[in-house]
Amino acid sequence: LSDIFTEDYYPPSAKREGVQGRVSIALSIGANGRVSDCRVAGSSGNGELDAVTCRLAVRSIRFEPAKDTNGTPIESSQTFAVRWQLRDE
C-alpha cells in the first residue's frame, strides 16, 4: 500500500501547514475485490488527510476476493491504518 499513499497525494494545504497524522479506515470489499465503501474509523484530526485516504483507497486498492466455503467470491471488510508523514526537506 505504500505505493498508493505517497507524498504525491498529500493535500497541498496540509503539506503547507506541516500536518501529519494516522488515519484508520474500514473498507467494504465487493465480491469482485474492489473497494465499494470506505469509512474513517479513526481520524487523523485533519479532514483533508482523512478524505484523501478514503478517496485513494476506493480508487486504487484491489483485493483478492474473500470466498465462501464453496469457493464463491463474497463481500468482505478490512480495516487498516495509513500514516501520513512529511519527509524532512
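Small disclaimer: the values here were computed from a predicted structure and weren't measured.

K.L.:
So what's going on with the overall build of the protein? Which residues, and what values?
P.N.:
For the protein, the count of helices and strands is two helices and five strands. Secondary structure elements of the protein, listed N to C terminal, follow the sequence α-β-β-α-β-β-β. Its C-alpha atoms give the protein principal-axis dimensions of about 50 × 20 × 15 Å. Looking at the protein as a whole, 39% of its 89 residues qualify as buried. Within the protein, counting contacts between residues at least 6 apart in sequence, those at least 24 apart form 66% of the total.

K.L.:
Please set out the pairing of strand β1 (residues 21-29) residue by residue, giving values where relevant.
P.N.:
Burial analysis of β1 places seven of its nine residues in the buried class, the great majority of the element. Relative to strand β2 (residues 35-42), β1 runs antiparallel, the two sharing six bridges. Within the sheet, the bridge partner assigned to S24 lies in β2 and is G42. Where β1 hands over to β2, the hairpin turn is made up of five residues, of which G33 adopts a positive phi near 90 degrees.

K.L.:
Lay out the state of the cysteines with the relevant residues and their values.
P.N.:
With the rule as written, the count across this model stands at one disulfide. Between the sulfur of C38 and that of C54 lies a disulfide, 2.0 Å long from S to S. Residues C38 and C54 are joined through a disulfide that is left-handed, its torsion about the S-S bond being -70 degrees. Of this pair, C38 sits in strand β2 while C54 is found in helix α2 (residues 47-60), placing the two residues 16 residues apart along the sequence. For C38, a relative accessible area of 14% puts it in the buried group.

K.L.:
Lay out the pattern of salt bridges in plain terms, naming residues and giving numbers.
P.N.:
Evaluated as defined, the whole model comprises two salt bridges. Ionic pairing is found between K15 and E7, a salt bridge with its closest N-O pair at 3.6 Å. Under the relative-accessibility criterion, K15 is labelled partly exposed at 36%. By relative accessible area, which is 13% here, E7 ends up buried. A salt bridge links R87 to E7; its shortest N-O distance comes to 3.3 Å. In this pair, R87 is assigned in the segment after β5 (76-84) and E7 in the segment before α1 (12-16), connecting sequence segments 80 residues apart. Residues participating in the shared-partner salt-bridge network are E7, K15 and R87.

K.L.:
Hey, could you go over the nonpolar core for me, with residue numbers and the actual values?
P.N.:
Ranked by size, the top nonpolar core spans 21 residues in total, and within it F5, I25, L27, L49, I61, F80 and W84 carry the most contacts. Taken together, the elements giving at least two residues each to this core come down to β1, β2, α2 and β5. Each residue touching I61, except ones within four places of it in the same chain, is listed here: L1, I4, F5, L27, G33, V35, L56 and F80.

Analysis parameters
- Residues numbered from 1 in each chain as written.
- Predicted model: local features only at pLDDT ≥ 70, side-chain atom pairs only at ≥ 80, totals over all residues.
- Heavy atoms only, no water.
- Helix = DSSP H or I, 4+ residues; strand = E, 2+ residues; numbered from the N terminus.
- Buried < 20%, exposed > 50% of the residue type's maximum accessible area, 1.4 Å probe, protein only.
- Contact = heavy atoms within 4.5 Å.
- Pairing = 2+ DSSP bridges.
- Disulfide = S-S within 2.5 Å.
- Salt bridge = Lys/Arg side-chain N within 4 Å of Asp/Glu carboxyl O.
- Core = buried A, V, L, I, M, F, W, Y, C linked by side-chain atoms within 4.5 Å.

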